[in-house]
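# Overview (structure and organization)
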Amino acid sequence: MKNIDKADKDLFWMKEALALAKKSLDNGEVPIGAVIVKNQKLISSAFNMPITTCDPTAHAEILALRKAGQLTKNYRLPDTTLYTTIEPCTMCIGAMIHARISRLVFGATEPKAGAVVSCLKIPEMFHYNHKLQVKGGVMAEEAKKLIIDFFKMKRGPR
């Protein structure tokens, strides 16, 4: 991946996260995927599994963080970027801050429960001793379409 600018790298890794989101869709889960990258190398990846696992914390981001911590044998993940298809919730952004993720890149905003830019702006809260860089809107339309299509399928046409 040498000689590729940051925007192209972001697109590459977001495509990986979207492919994972489609796997969660195949399992009847809300289609969200996440990957964690360090030095342009994949550290871990996951997709949503709360329904399958009967675990309310089994969001794609949390599962990717757990795997990354186990693989690196460290609960801190400095100098990493977490890519996720949807703006994280309070639980997920909180875990990223505690893990010391350096950069968050997300796809679509989550107007009902997003805790990064939509409902809350947790990364901007002054009392945290860790600040992460945030970039939203990467492949947002593709990520949003997966979510909209999922809920249309679940709820039927309105």
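The structure contained in this document is the topic of the report that follows. (Residues numbered from 1 in each chain as written. Predicted model: local features only at pLDDT ≥ 70, side-chain atom pairs only at ≥ 80, totals over all residues. Heavy atoms only, no water.)

## Overview of the side chain of S44
In plain terms, the rule: Secondary structure elements are taken from DSSP: a helix is a run of H or I of four residues or more, a strand is a run of E of two residues or more, and numbering for both begins at the N terminus. Exposure classes here rest on a 1.4 Å probe applied to the protein chains alone. A residue is buried below 20% of its type maximum, exposed above 50%, and partly exposed in between. Think of a polar contact as two N or O atoms within 3.5 Å of one another; within protein, one of them needs to be a possible hydrogen donor and the other a possible acceptor, and neighboring residues in sequence only count if both atoms come from side chains. Contacts between residues were defined by any pair of non-hydrogen atoms, one from each residue, lying within 4.5 Å.
With respect to the element layout, S44 can be found in strand β2 (residues 41–47). Note on S44: relative accessible area 4%, which makes it buried. A distance of 2.7 Å separates a polar atom in the side chain of S44 from the backbone oxygen of A64. Not counting the four nearest positions on each side in its chain, S44 is found in contact with A34, V35, I36, A64, K67, A68 and L71.

## Digging into the nonpolar core
Keep this limit in mind: Residues enter a nonpolar core if they are buried and are Ala, Val, Leu, Ile, Met, Phe, Trp, Tyr or Cys, with the set joined through side-chain atoms within 4.5 Å.
Counting 44 residues, the largest nonpolar core has M14, L65, L82, I93, M96, I101 and L104 as its most contacted members. Contributions of two or more residues to this core are made by α1 (6–26), β1 (33–38), β2, α3 (60–72), β3 (81–86), α4 (90–99), β4 (103–108) and α5 (140–155). Residue contacts for M96: discarding those within four places in its chain leaves E61, L65, L82, P88, I101 and L104.

## As for the packing of α3 against α4
Formally: Throughout, an axis means a line fitted to C-alpha atoms (over the contacting stretch in the case of helices), and angles, computed between N-to-C directions, take values from 0 to 180 degrees. Roughly parallel means an angle under 35 degrees; roughly antiparallel means over 145; roughly perpendicular covers 65 to 115; every other angle is labelled oblique. Two helices crossing with the near one rotated counterclockwise from the far one by less than a right angle form a left-handed crossing, whereas a clockwise rotation gives a right-handed crossing. Polar here means any residue outside two lists: the nonpolar Ala, Val, Leu, Ile, Met, Phe, Trp, Tyr, Cys and Pro, and the charged Asp, Glu, Lys and Arg; Gly therefore counts as polar.
At a minimum axis distance of 9 Å, the contact between α3 and α4 shows a crossing angle of 25 degrees. Comparing their axes, α4 and α3 come out roughly parallel. At the point where α3 passes α4, the crossing takes the left-handed sense. Packed against α3, whose contacting residues are E61, I62 and L65, the element α4 presents M91, C92, A95, M96 and A99 at the interface. Partitioned by chemical class, the residues of the contact of α3 with α4 number 7 nonpolar, no polar and 1 charged.

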